[in-house]
Amino acid sequence: MKIVFFGYDYTLDILQRLIADEHEIAQIFTFPCDNVFSSHIEIQQFANYHEIPITDEAINPSHIDVLVQQGCTLFLSAGYPHKIPPLPDDVYGMNMHPALLPRVRGIMPLPYVIMNEPKAAGFTLHKLALNFDCGDIIYQDFISIDAHTDVETLSAKIAVRAPDTISKVVADIDSFWASASPQDEDQASTYDTPDEDMRQIKWEDTPTTTATKGRAFGRFGVIAKVENDFGQSQNLAVFNLSTWEEPHDHKQGKLIRSSNREIVIAIQDGYVCLKEFQVL
C-alpha cells in the first residue's frame, strides 16, 4: 500500500513497522517541535536515510491532490496536530488517538486520562472526520493503569503496542474499514490543552491529589510557587515529586526544608517533596 504518514519522533516506531511490512511511504508530514517535549529530529533523519520526502509544512488540499494522483491510498496520522483536509471517498484516512474514544477527546489527553478518566486508558484507531477525534472507530486497545502509572509509562505502553496493532489493521484494512462503528456522542468527553493553572500544585490539595498531578505531567512538569519565611518566592517547574500523609500544624504551603536536591512543603494532611526541579 502507498501511504502518507503524519507524525513525529514518538510515533517513528509505527513508520518503521510499515516499511518493514513492505508498504511504500510516499510522504511524511511532521510539524515544528520544541525538541524538549516533542521532537522530529529522528524522523527527519529516518526520512533522509530512506529518501522519503518530509515536510513540517501543514498539509493543505493541494498536497492531497498531488499525493492522490501519485497513487496514495492511505493517509495515516499518529500524533499530528493539524487538521487534515477532506480526502476523496476512495482513499482511507485514519488517525491514532491515545485514549479510548469517545472519552477524552483533545490534543493532549494523557494527563486527563491519569487524573480524571483512567478507564479511558488505551488508544483508538478511527476514521478521519470533519471534526477532531470524532470519526468512526476502527479499532480500540485498552491499557490497564494503576495508582502508580505516570504519563511516561502510559505513553510507553501505547508506543509499544501501536506498531503491531496498526500493522494488523492496515494488512486487512478493507474489513476493518467496513466494520467501523460510529462514536456515541452521548458518551463523549472533550478536554482543552492543559494550561499553567491546571499544572499548578495547590498546597491545599491532599498528598494523593498532588501525587496524581505529578504523575499526570511527569517530565512535562508541574508548577510550584515556593515562598520562604522572608516572603521571597520562585516559580519552579517540577519534574519529579513524592508525597506522604502525616498530621501537622503547619500552614499549607509552608516551606519546611530547602536544599539543592530537595524541597519539602506542607500541604493538606501531609507533605510534598520536590525532587527534580528548575527555576522558571
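Going by the structure above, here's the rest.
Residues numbered from 1 in each chain as written. Predicted model: local features only at pLDDT ≥ 70, side-chain atom pairs only at ≥ 80, totals over all residues. Heavy atoms only, no water.

> Teacher, can you tell me more about helix α3 (residues 61-69) here?
Each α-helix winds once per 3.6 residues, and so residues spaced three or four apart point in a common direction. Among all positions of α3, only His63, Ile64 and Leu67 are buried. Along the axis of α3, the buried positions cluster into a sector of 95 degrees, meaning they face one direction only. Lining the buried residues of α3 we find β1 (2-6), β2 (24-29) and β4 (74-78). Downstream of α3 by one or two residues, Gly71 has phi in the positive range, about 100 degrees. (Buried < 20%, exposed > 50% of the residue type's maximum accessible area, 1.4 Å probe, protein only. Helix = DSSP H or I, 4+ residues; strand = E, 2+ residues; numbered from the N terminus. Arc of directions from axis to C-beta. Contact = heavy atoms within 4.5 Å.)

> Teacher, can you tell me more about the sheet that holds strand β12 (residues 270-279) here?
Adjacent strands of a sheet form backbone hydrogen bonds with each other and so pair up, either parallel or antiparallel. What the 5 strands build is an open sheet, ordered β8-β9-β12-β11-β10; its pairing is antiparallel. The sheet is open, and its two edges are formed by β8 (222-227) and β10 (255-258), each paired on a single side. For this sheet, the mean inter-axis angle between neighbouring strands, taken without regard to orientation, is 40 degrees. Judged from the 6 bridges that link them, β8 and strand β9 (residues 233-245) form a sheet pairing that is antiparallel. Across the sheet, Ala224 pairs through a bridge with Leu236, a residue of β9. In this fold helix α8 (residues 207-217) packs onto β8, β9, β11 (263-267) and β12, with an angle of close to 120 degrees to the strand it touches most, β9. (Pairing = 2+ DSSP bridges. Axes fitted to C-alpha atoms, helices over the stretch in contact; angles between N-to-C directions.)

> Quick question: what am I supposed to make of the nonpolar core here?
Proteins that are soluble and globular tend to have nonpolar side chains buried together. Ranked by internal contacts, the top residues of the largest apolar core, which has 59 residues, are Phe5, Ile14, Leu18, Leu76, Met96, Leu154 and Leu274. Residue contributions to this core peak at 7 residues, all from helix α5 (residues 151-171). In this view, Leu154 contacts Leu110, Val113, Ile114, Ala121, Ile143, Ile145 and Thr149; residues no more than four positions away in its chain are not counted. Grouped together as the second largest cluster of nonpolar side chains are 16 residues, Phe6, Cys33, Tyr80 and Leu87 included. (Core = buried A, V, L, I, M, F, W, Y, C linked by side-chain atoms within 4.5 Å.)

> Sorry if this is basic, but what is going on with the environment of Phe29 here?
Mapped onto the elements, Phe29 comes out in strand β2. Among all residues touching Phe29, those that are not within four sequence positions of it are Val4, Phe5, Phe6, Gly7, Thr55, Glu57, Ile59, His63, Leu67 and Tyr80.

> What exactly am I supposed to notice about the packing of helix α1 (residues 12-20) against helix α2 (residues 41-49) here?
In a packed pair of helices, the relevant descriptors are the angle between the two axes and the axis-to-axis distance. Where α1 contacts α2, the two axes come as close as 10 Å, and the packing angle between them is 20 degrees. It follows that α1 is roughly parallel to α2 by the angle criterion. Once α1 is placed against α2, the crossing between them reads as left-handed. Where α1 approaches α2, its residues Leu12, Leu15, Gln16 and Ile19 are matched on the opposing element by Glu42, Ile43 and Phe46. For the contact of α1 with α2, the per-class residue count stands at 5 nonpolar, 1 polar and 1 charged. (Parallel < 35°, antiparallel > 145°, perpendicular 65-115°, else oblique. Left-handed = near helix turned anticlockwise from the far one by under 90°. Nonpolar A, V, L, I, M, F, W, Y, C, P; charged D, E, K, R; others polar.)

> It is not clear to me how the packing of aromatic side chains should be interpreted in this structure. Could you clarify?
Pairs of aromatic rings are described using the distance from one ring centre to the other and the angle between the two planes. Counted by the stated rule, this structure contains 10 aromatic pairs. When the centroid spacing of 6.1 Å and the interplanar angle of 45 degrees are considered together, the rings of Tyr8 and Tyr10 count as tilted. On the accessibility criterion, Tyr10 (28% relative accessible area) is partly exposed. Among the aromatic side chains, those forming a connected cluster through ring pairs are Phe6, Tyr8, Tyr10, Phe29, Phe31, Phe75 and Tyr80. The side chain of Lys83 reaches across the aromatic face of Phe132, ending 5.8 Å from its centre. (Phe/Tyr/Trp six-rings, centres within 6.5 Å; stacked < 30°, edge-to-face > 60°. Lys NZ or Arg CZ within 6 Å of the ring centre and 35° of its normal.)

> Just to check I follow, could you spell out the pattern of salt bridges for this structure?
Two side chains bearing opposite charge may form a pair once their charged atoms approach each other closely. Evaluated as defined, the whole model comprises 9 salt bridges. For the salt bridge of Asp229 with Lys254, the shortest nitrogen-to-oxygen distance reads 3.3 Å. Note that Asp229 is positioned in the loop between β8 and β9 and Lys254 in the loop between β9 and β10, a separation of 25 residues in sequence. On the accessibility criterion, Asp229 (63% relative accessible area) is exposed. When the shortest N-O distance is used, the salt bridge between Glu262 and Arg257 registers 2.7 Å. Take Arg257: its relative accessible area is 42%, and that puts it in the partly exposed class. In this structure, a network of salt bridges that share partners links the residues Arg17, Asp21 and Asp164. (Salt bridge = Lys/Arg side-chain N within 4 Å of Asp/Glu carboxyl O.)

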